[in-house]
Amino acid sequence: MRNHHYNRIILVITLMSFLAVGCDNHPINELTEDLADEFEAVDTGKENEKEEEEEEVQEIIGTMTAKVNESNFATPDFLELTGAGVSINKGYYFLQISGFDVELGLKKAQYILLSIFGKDFNSVKSGSEWNTIVEDVLVGGALAAYSENIDTDDNDNTSSTLDVLEKVYIKITSIDHEKQLLSGEFSFSGKNKDTGKTYVVTDGTFKNYKYTITNN
């Protein structure tokens, strides 16, 4: 339809130009130029809108924020250092959500990983929540982990990790199964079994996470 409208306008412009040949100051010439400019502006405007829409789609980057022992954790909103994926298995699904905070540099990077287990991923909806540490994937539940790189004086990086989970809470606040986008909130706590250091993660959020699905 748009091409048909375009062809009609071009035909009108061509005929009007032909009738005005030899009359440089003829009003039809001015009208022809105005119509041509107007159509070009409309066409260019539509192309710009399309480009802007494509850029908006590309600019969607998932973000994760939280407090770890009262210190801020946040993934950058200009780099895609977040990820989510769903593994569909026989009898259960496995959803992982992760994020890196590199505010202090790669040598002091922080990492949060959330895991959710359930029977039917299609049943996950806004308001779905988990507060039980998983012991049986067929029963369902959740897991969470936190790790950080420690930049020591001798530049020998070591890692401190929450590897004994004591409490976990994850809630989906929005999910679009067609666009494969999800958002939610979380909190968890635990300790490092070797050092005994405790970790309390609160006020956790993940927003606009684009997830992939793998069928096994």
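What you see is a predicted model, and the numbers here were worked out from it, not measured in a lab. (Residues numbered from 1 in each chain as written. Predicted model: local features only at pLDDT ≥ 70, side-chain atom pairs only at ≥ 80, totals over all residues. Heavy atoms only, no water.)

Asks: Would you explain the nonpolar core in this entry?
Replies: One finds Ile112, Leu114, Phe186, Phe188 and Phe206 to be the most contacted residues of the largest nonpolar core, which totals 32 residues. Elements with a minimum of two residues in this core: strand S1 (63–68), strand S3 (82–89), strand S4 (92–101), strand S5 (110–118), strand S7 (141–150), strand S9 (164–176), strand S10 (181–191) and strand S11 (198–215). (Core = buried A, V, L, I, M, F, W, Y, C linked by side-chain atoms within 4.5 Å. Buried < 20%, exposed > 50% of the residue type's maximum accessible area, 1.4 Å probe, protein only. Helix = DSSP H or I, 4+ residues; strand = E, 2+ residues; numbered from the N terminus.)

Asks: Looking at this model, I keep getting lost on the side chain of Ser160. Mind explaining?
Replies: Here Ser160 is to be found in strand S8 (residues 158–162). Leave out the neighbours within four places in its chain, and Ser160 touches Tyr146, Ser147, Glu148, Ile150, Lys197 and Tyr199. (Contact = heavy atoms within 4.5 Å.)

Asks: Any chance you could explain the pattern of salt bridges here in plain terms?
Replies: Applying the stated criterion across every chain, the model contains 1 salt bridge. Taking the shortest distance from any N to any O, the salt bridge between Lys197 and Glu148 comes out at 3.3 Å. Note that Lys197 is positioned in the loop between S10 and S11 and Glu148 in strand S7, a separation of 49 residues in sequence. (Salt bridge = Lys/Arg side-chain N within 4 Å of Asp/Glu carboxyl O.)

Asks: Explain the side chain of Asn192 to me, please; I cannot follow it from the model alone.
Replies: Along the chain, Asn192 falls in the loop between S10 and S11. Relative accessible area serves as the criterion here: at 7%, Asn192 is assigned to the buried category. Separated by 2.9 Å, the side chain of Asn192 and the backbone nitrogen of Asp194 make a polar contact. Setting aside residues up to four positions removed in sequence, Asn192 forms contacts with Thr161, Asp163, Lys197 and Tyr199. (Polar contact = N/O pair within 3.5 Å; in protein donor to acceptor, adjacent residues only side chain to side chain.)

Asks: Help me out: how do you make sense of the confidence of the model for the protein chain in this one?
Replies: Do not read the predicted coordinates in detail wherever pLDDT is low. The share of residues in the protein chain with pLDDT of 70 or more is 69%, and the mean pLDDT across the chain is 81. A low-confidence stretch, residues 1–29 (pLDDT under 50), is modelled with 17 contacts involving residues beyond four sequence positions or located in other chains. (pLDDT = per-residue confidence, 0-100.)

Asks: Even after reading the chapter, I still don't get unusual backbone geometry, so can you show me in this structure?
Replies: Most peptide bonds take the trans form, and the phi angle of most residues other than glycine is negative. In this model, Asp203 sits at a positive phi of 55 degrees, which is unusual for a non-glycine residue. By the element assignment, Asp203 lies in strand S11. Given the relative accessible area of 53%, Asp203 is considered exposed. For Asn208, which is not glycine, the phi dihedral falls at a positive 55 degrees. By the secondary structure assignment, Asn208 is in strand S11. Taking relative accessible area as the criterion, Asn208 reaches 43% and is therefore assigned partly exposed.

Asks: So what exactly am I meant to see when it comes to the packing of aromatic side chains here?
Replies: Under the definition given, this model contains 8 aromatic pairs. With centroids separated by 5.4 Å and ring planes inclined at 55 degrees, the aromatic side chains of Tyr146 and Tyr199 adopt a geometry described as tilted. Note that Tyr146 is positioned in strand S7 and Tyr199 in strand S11, a separation of 53 residues in sequence. As far as burial versus exposure is concerned, Tyr146 and Tyr199 are alike and both buried. Members of the aromatic cluster, connected to one another through ring pairs, are Phe186, Phe188, Phe206 and Tyr209. (Phe/Tyr/Trp six-rings, centres within 6.5 Å; stacked < 30°, edge-to-face > 60°.)

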